[in-house]
Amino acid sequence: MDLNDEGSHFELKEIQTLSGHTDRVWSLAWNPATGTDDTQPVIASCSGDKTVRIWERSALTRSWDCKAVLEETHTRTVRSCTWSPSGKLLATASFDATTAIWENVGGDFQCVSTLEGHENEVKSVSWNASESLLATCSRDKTVWIWEVMPGNEFECASVLQGHTQDVKMVKWHPTMDILFSCSYDNTIKVVWAEDDTGDWHCIQTIGESSNGHSSTVWAISFNAEGNKMVTCSDDLTLKVWEADIEGMRSGDDQVLWKHISTLTGYHDRTIFSVHWSREGIIASGAADDAIRFFVESKDSAVVGPSYRLLLKKEKAHDMDVNVVQWSPGENRVLASASDDGTIKIWELATNST
Amino acid sequence: MTLGLINANPIVHAKKERVARCEDPHCDDAVDPLDIYDFVRDIRDPEHPYSLEQLSVLSEESITVDDKLGRILITFTPTIQHCSMATVIGLCLRVKLQECFPPHYKVDIKVSPGSHADEEAVNKQLNDKERVAAALENPNLRQLVDECLYSNEL
């Protein structure tokens, strides 16, 4: 496979630039229910211009168009957006301290619920795999877990106060109801609830003493199997972690995530985003305007897994790259967004020589 | 005496002689520290009717530029060790530079080493882009920053 062939040459081809936002684009999300077979891919993006834009690729022209602008709801920057696993709902997190839930009602996106409670800016929102739970986090240092009830009702199930600073991102494990959060306090926390008791508590804090980051951790991403995760930080490194997935599945809450690799020396400015593709390619977006790709390296000289740089795309954008996200539908297609106000669609291709 | 100011008695220095510079800011393409200094030296202190230069919060030596890489580093010296206005000054510097320089310049702002009791914490906040963006959406803070940037010279 070409990823294992160190002689393979890759290039990142720009497919299209999506313009429209009038301020920096903080985040984007591919609708997981689209982009396969007969449905055209859809992306939601959110911005400092207080709006969320929905983009769809035309079946006819293969060109991306803006289908909707969700405005007049959030009163400040919209920091993060994420689709529910079924693709039916979109959650948006804002500096206005609320999280809005949107539903596509006959082509029209309507705000069907607003989650309030955080004391200040909400930074991130995440749905669990079964769509029964939502998590949000904020500069108020808390992580909230919400239960999804019938009729688009959301009930707060827990308010977690473990972090000592601004929480930057929350992410549910891809298959299990385990919640991860990362923070300005440099740590990553792992949270779960015993059975259905609803007693959510922190089972692990990954800090500097466990080979953790030495500055703000901005993002977390899991591999397809869910037994590894990669985190990115203001400390200019990516760190890869591993856990015994079978142990976790059997309900063992003593299973710990262990550090297996630190990718250092590749970035010289803050790394804001990291995303692990189904195929195993780690993409990173950083404050030096570049996008980088890493894969596991089959280096027999090194004990344990190691990672190598597959490609560095300099000047991917004119300004900081805030987010990178692989397409769930198409192979090796990536979307990125930037302080320059644009979203770009890319294809990671091999240079056939 | 005015109550409530963090530093009620700052030391005020005379303004430095302005060296006559080429009128056209692009007369030589490279950006040097003095180009940047000219933009920030007259920013008014949040608490006192004096410029950052007059209070020796900034000087030409505060600024380093790597024009090729497009990187700017500014260090500033708050007038006292426990200055809670340090973050406001940092925000003023960032906003001013954003306005005056092309967006591809990367700007890092720090307090000069040893000049503040919470040096690491202040530096971290000043360089967290998300925190800066959120702070500038706060109308009161934004107003204070605007006053520091746009108030007329005495």
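Residues numbered from 1 in each chain as written. Chains lettered and ligands numbered in written order. Predicted model: local features only at pLDDT ≥ 70, side-chain atom pairs only at ≥ 80, totals over all residues. Heavy atoms only, no water.

**Some points on the overall build of chain B**
(1) Moving on: Within chain B, the secondary structure is distributed over five helices and three strands.
(2) Moving on: Starting at the N terminus and walking to the C terminus, you meet the elements of chain B as α-β-β-α-β-α-α-α.
(3) Moving on: Total accessible area on chain B stands at roughly 8,400 Å², and carbon and sulfur atoms take up 53% of it. (Helix = DSSP H or I, 4+ residues; strand = E, 2+ residues; numbered from the N terminus. Areas by Shrake-Rupley, 256 points an atom, 1.4 Å probe, with all protein chains shown as cover.)

**Focus: the UniProt feature "repeat: WD" (unreviewed entry) in chain A**
All names here are of chain A.
(1) Moving on: Sequence positions flagged by UniProt for "repeat: WD" (unreviewed entry) are, in local numbering, residues 18-56, 71-103, 115-148, 160-190, 210-242 and 314-353.
(2) Moving on: Along residues 115-148 the backbone is 0% helical and 56% strand, and the end-to-end C-alpha distance reaches 11 Å.
(3) Moving on: Across residues 160-190, the secondary structure splits into 0% helix and 48% strand, with the terminal C-alpha atoms separated by 11 Å. (UniProt positions renumbered as here; feature names shortened; annotations may be inferred.)

**Points about a negative patch on the surface**
All names here are of chain A.
(1) Moving on: A cluster of acidic residues, Glu147, Glu153, Glu155, Asp177, Glu194, Asp195, Asp196 and Asp199, forms a negative patch on the protein surface.
(2) Moving on: Within the secondary structure, glutamate 155 sits in strand 13 (residues 153-160).
(3) Moving on: Judged by relative accessible area, which is 43%, glutamate 155 ranks as partly exposed. (Patch = residues over 30% accessible without salt bridge, like charges linked within 9 Å, V, L, I, M, F, W, Y side chains within 5 Å. Salt bridge = Lys/Arg side-chain N within 4 Å of Asp/Glu carboxyl O. Lys, Arg positive; Asp, Glu negative; His and termini not counted. Charge placed at Lys NZ, Arg CZ, Asp CG, Glu CD. Buried < 20%, exposed > 50% of the residue type's maximum accessible area, 1.4 Å probe, protein only.)

**Details of the interface of chain B and chain A**
For an interface, size is often stated in terms of accessible area lost upon the parts coming together.
(1) Moving on: At the junction of the two partners, chain B supplies 16 residues and chain A supplies 27 residues.
(2) Moving on: It is Lys124(B), Lys129(B) and Glu130(B) in chain B that bury the most area against chain A; as a group they hold 38% of the surface buried on that side.
(3) Moving on: Where chain B touches chain A, the interface holds twelve salt bridges.
(4) Moving on: A salt bridge links Asp320(A) to Lys106(B); the shortest N-O distance between them is 2.6 Å.
(5) Moving on: There are 19 residue pairs in polar contact (both at pLDDT 80 or more) connecting chain B and chain A. (Contact = heavy atoms within 4.5 Å. Buried area = accessible area lost by both parts, 1.4 Å probe. Polar contact = N/O pair within 3.5 Å; in protein donor to acceptor, adjacent residues only side chain to side chain.)

**Overview of the nonpolar core**
(1) Moving on: Formed by 37 residues in total, the largest nonpolar core has its most connected members in Ile36(B), Val40(B), Ile43(B), Leu58(B), Ile74(B), Phe76(B) and Leu93(B).
(2) Moving on: Contributing elements (two or more residues each) for this core: helix 1 (33-40), strand 2 (71-76), helix 2 (86-100), strand 3 (106-111), helix 3 (119-126), helix 4 (129-136) and helix 5 (139-150) of chain B.
(3) Moving on: When residues of this core are assigned to their parent elements, the largest contribution, eight residues, is made by helix 2 of chain B.
(4) Moving on: In this structure, Met176(A), Ile220(A), Met229(A) and Ala243(A) belong to the second largest nonpolar core, which totals 19 residues. (Core = buried A, V, L, I, M, F, W, Y, C linked by side-chain atoms within 4.5 Å.)

**Quick notes on the UniProt feature "domain: MIP18 family-like" (unreviewed entry) in chain B**
(1) Moving on: Here, the residues flagged by UniProt with the feature "domain: MIP18 family-like" (unreviewed entry) are residues 35-97 of chain B.
(2) Moving on: For residues 35-97 of chain B, helix accounts for 29% and strand for 16%, while the C-alpha atoms at its two ends are 11 Å apart.

**Thoughts on the pattern of salt bridges**
Residues and elements named next belong to chain A.
(1) Moving on: Using the criterion set out here, one finds 29 salt bridges over all chains in the structure.
(2) Moving on: For aspartate 339, the salt bridge is made with arginine 24, and the minimal N-O distance between the two is 2.9 Å. Of this pair, aspartate 339 sits in the loop between strand 27 (333-338) and strand 28 (343-350) while arginine 24 sits in the loop between strand 1 (10-18) and strand 2 (25-30), and the two are 315 residues apart along the sequence. With respect to burial, aspartate 339 and arginine 24 carry one shared label: buried.
(3) Moving on: Residue lysine 123 pairs with aspartate 166 through a salt bridge whose shortest N-O separation is 2.9 Å.

**Side note on the packing of aromatic side chains**
Residues and elements named next belong to chain A.
(1) Moving on: Scanning the entire structure with this criterion turns up 15 aromatic pairs over all chains.
(2) Moving on: Their ring planes at 70° and their centres at 4.8 Å tell us that phenylalanine 180 and phenylalanine 222 sit as a pair that is edge-to-face. With phenylalanine 180 in strand 15 (residues 179-183) and phenylalanine 222 in strand 18 (residues 217-222), the pair connects residues that are 42 residues apart, well separated along the chain. For the pair formed by phenylalanine 180 and phenylalanine 222, the shared burial category is buried.
(3) Moving on: Here tryptophan 218 and phenylalanine 272 contribute two aromatic rings whose centre-to-centre distance is 5.0 Å and whose plane-to-plane angle is 80°, an arrangement assigned as edge-to-face. (Phe/Tyr/Trp six-rings, centres within 6.5 Å; stacked < 30°, edge-to-face > 60°.)

**Comments concerning the sheet that holds strand 10 (residues 122-127) of chain A**
One key point about sheets: their strands pair by backbone hydrogen bonds, in either a parallel or an antiparallel sense.
All names here are of chain A.
(1) Moving on: Strands sit in the order 10-11-12-13 across an open sheet of four strands; the sheet is antiparallel. Looking at which strands have only one partner, the edges of the open sheet turn out to be strand 10 and strand 13. Here the strands of the sheet are splayed against their neighbours by 25° on average, with no regard to which way each runs. (Pairing = 2+ DSSP bridges. Axes fitted to C-alpha atoms, helices over the stretch in contact; angles between N-to-C directions.)

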